[in-house]
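Take a look at the letters that make up each chain.
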Amino acid sequence: MPGYTDQPECSDYFYWNGWYYLIFSNYGTAKYRYSKSPFGPWICPEQEMLDGLLYRVPKTAAFGDRRIAAGFLCINPQGESYAGNLILRELVQHPDGTLGTCLIKELVPVQNTLREKAALESGESGGYVQKRLPISENSVKIRIERDRAYGNYGVIFQAGSKEAFEIRIEPALRTVGIYPVHSNLYFCPTKRVLQSVGGLEEGCLLEVNLKNDVLDMGINQDRTLICRLDRDYADGESLSWYGFVKDGKAVFEVRGDIALRRTASAEELLPLAHYGSDSV
């Protein structure tokens, strides 16, 4: 495959609703091609990665009319290791044949019925504003609606007195990333970022789950991002959450019903993965 300095590996090939798919990994990062014919010509999508840079070598299997991908998250935060945690994703198939990923509803923690709204506005002349959100759980669902589409926006979280991070949403750059709070993204290289994310101008829906050092996140039920933070970052810590807006106005709606109705158990889903991990 021209343009790759390492071999494409760990391939997965399947047919789904009129399209043929070839998933492969390069330096461990999962990518895909799709076609109307069994052997191509293969189309390279605008966003070729499944999840982020740290979601490694997934294989897929049918689950009724759904399709589940099983891969792993490296133990090393930068992905410089092999094996770690088993990570399951549900594939999302778009009408044009391209794929997205979302969190599997049966495996998302169920939260209470809390529902609160907080409005943030930086003012007519622009600027930055942040406000604490009325939640402390490790798993949250936050819908953000923007009234004026200028700068960036997102959510800050902090475990106890440890370092604070922000989920920064950049509509102009079409990126969603995890950064140290208030850092300059151009001087903060990170593998915790998604590119070519559409539909961010008017807001987005975030589903965020923190456990120990793992951050698992869904964006608009169409993209996902898995990564590691500092060792044992959220283990036994109380979480603080803030919404922020730069040069604009937004409404943050915190919802407790992060999980949909359960239709299958974790035990039913886990056998779809045919290789092990150090921890599940």
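Residues numbered from 1 in each chain as written. Predicted model: local features only at pLDDT ≥ 70, side-chain atom pairs only at ≥ 80, totals over all residues. Heavy atoms only, no water.

With that settled, the discussion passes to the packing of aromatic side chains. In the structure shown here, the tally under the stated rule is 14 aromatic pairs. Ring geometry for Tyr13 against Trp42: centres 6.3 Å apart, planes inclined by 80°, an arrangement best described as edge-to-face. You can see Tyr13 sitting in strand β1 (residues 9-16) and its partner Trp42 sitting in the loop between β3 (29-35) and β4 (55-63), a full 29 residues away along the chain. By relative accessible area, which is 31% here, Trp42 ends up partly exposed. The interplanar angle of 75° and the centroid separation of 5.5 Å between the aromatic rings of Phe165 and Tyr233 together place this pair among those described as edge-to-face. Remark: Tyr233 occurs in the loop between β17 (223-228) and β18 (239-246) and Phe165 occurs in strand β12 (residues 164-170); sequence separation between them is 68 residues. Look at Phe165 and you get buried, because its relative accessible area is 2%. On the basis of relative accessibility, which here comes to 0%, the residue Tyr233 falls in the buried class. Ring pairing ties together the aromatic residues Phe14, Trp19, Tyr21, Tyr32 and Tyr34, which thus form one cluster. A cation over an aromatic ring shows up here: Arg89 above the ring of Tyr55, its NZ or CZ 5.9 Å from the ring centre. (Phe/Tyr/Trp six-rings, centres within 6.5 Å; stacked < 30°, edge-to-face > 60°. Helix = DSSP H or I, 4+ residues; strand = E, 2+ residues; numbered from the N terminus. Buried < 20%, exposed > 50% of the residue type's maximum accessible area, 1.4 Å probe, protein only. Lys NZ or Arg CZ within 6 Å of the ring centre and 35° of its normal.)

Here we come to the side chain of Arg168. Its place among the elements puts Arg168 in strand β12. Look at Arg168 and you get buried, because its relative accessible area is 5%. Of note is the side chain of Arg168, whose polar atom sits 2.5 Å from the backbone oxygen of Ser183. (Polar contact = N/O pair within 3.5 Å; in protein donor to acceptor, adjacent residues only side chain to side chain.)

Looking now at the nonpolar core. In terms of nonpolar packing, the biggest core is built from 55 residues, with Phe157, Ile178, Leu206, Met217 and Trp241 touching the most fellow members. In contact with Trp241, other than residues within four places in its own chain, are Lys131, Arg132, Leu133, Ile135, Ser136, Glu137, Val140, Val155, Ile156, Phe157, Val208 and Leu210. Residues Ile68, Leu86, Leu88 and Ile104 belong to the second largest nonpolar core, which totals six residues. (Core = buried A, V, L, I, M, F, W, Y, C linked by side-chain atoms within 4.5 Å. Contact = heavy atoms within 4.5 Å.)

This next bit is on the sheet that holds β18. Overall, antiparallel pairing links the six strands, which are arranged β9-β18-β11-β12-β13-β14 in an open sheet. Where the open sheet ends on each side, the last strands, each with one partner, are β9 (128-132) and β14 (193-194). As paired strands, strand β11 (residues 153-159) and β18 are joined by seven bridges and run antiparallel to one another. When the sheet's bridge partners are listed, Ile156 is paired in β18 with Tyr242. (Pairing = 2+ DSSP bridges.)

You can see Pro38 is positioned in the loop between β3 and β4. What makes Pro38 partly exposed here is its relative accessible area of 31%. Remark: the alpha-carbon pair of Pro38 and Trp19, spanning 19 residues in sequence, is separated by 8.5 Å. Not counting residues up to four positions away in its chain, the partners in contact with Pro38 are Tyr13 and Tyr20.

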